[in-house]
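Listed below are the residues making up each chain.
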Amino acid sequence: MPSRFLTLADVTEVLNISAPQAYALVRSGELPAIQIGGRLQWRIESAELEKYIQRMYEETRARNSADAG
C-alpha cells in the first residue's frame, strides 16, 4: 500500500527540485503540509502533492494561452 504521507525528501525527488525549494513551497503554503512529531517534521499528503502538480499544469496552460493570444 502506498504511503499516505511524504517527507520533504520525497517531494524533492518527485518534483526534481532542491530541498530549499521544497521547504519554500511548504512554508509559503503553496504546497499544504503538516508538522508532526517531537521534532516537528514536515509531512505532505500524497493527494495534496498531486493537487499541487495539477494546479501547476493548469497555471502553465493558462500562461501559455495568454502568451499565445
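Residues numbered from 1 in each chain as written. Predicted model: local features only at pLDDT ≥ 70, side-chain atom pairs only at ≥ 80, totals over all residues. Heavy atoms only, no water.

Caption draft 1: Representation of the pairing of strand S3 (residues 41–45) within the structure. Burial of S3 is one-sided: the residues Trp 42 and Ile 44 facing one way are buried, the residues Gln 41, Arg 43 and Glu 45 facing the other way are not. Where strand S1 (residues 5–6) meets S3, two bridges bridge the pair, whose relative direction is antiparallel. Each residue of the ladder has a partner; that of Leu 6, found in S3, is Ile 44. Where strand S2 (residues 34–36) and S3 come together, three bridges link them in antiparallel fashion. When the sheet's bridge partners are listed, Gln 35 is paired in S3 with Trp 42. Once S2 ends, the chain turns through four residues before running back antiparallel as S3, passing Gly 37 with a positive phi of about 80 degrees. (Buried < 20%, exposed > 50% of the residue type's maximum accessible area, 1.4 Å probe, protein only. Helix = DSSP H or I, 4+ residues; strand = E, 2+ residues; numbered from the N terminus. Pairing = 2+ DSSP bridges.)

Caption draft 2: A look at helix H1 (residues 8–15). Turning to H1, its buried residues number three or more, namely Leu 8, Val 11 and Thr 12. Angular distribution of buried residues about the axis of H1 spans 100 degrees; they occupy a single face of the element. Structural note: H1 exposes Ala 9 and Glu 13 on the side pointing more than 90 degrees away from its buried face. Elements that come into contact with the buried residues of H1 comprise S1, helix H2 (19–28), S3 and helix H3 (46–68). After H1 finishes, the residue Asn 16 shows a positive phi value of roughly 55 degrees. (Arc of directions from axis to C-beta. Contact = heavy atoms within 4.5 Å.)

Caption draft 3: Region of the structure containing the nonpolar core. Counting residues in hydrophobic clusters, the biggest one holds 12 residues: Leu 6, Leu 8, Val 11, Ala 22, Leu 25, Val 26, Leu 31, Trp 42, Ile 44, Leu 49, Tyr 52 and Ile 53. Contributing elements (two or more residues each) for this core: H1, H2, S3 and H3. Those residues in contact with Val 11 that sit more than four places away from it in its chain are Leu 6, Asn 16, Ala 22, Leu 31, Ile 44 and Leu 49. (Core = buried A, V, L, I, M, F, W, Y, C linked by side-chain atoms within 4.5 Å.)

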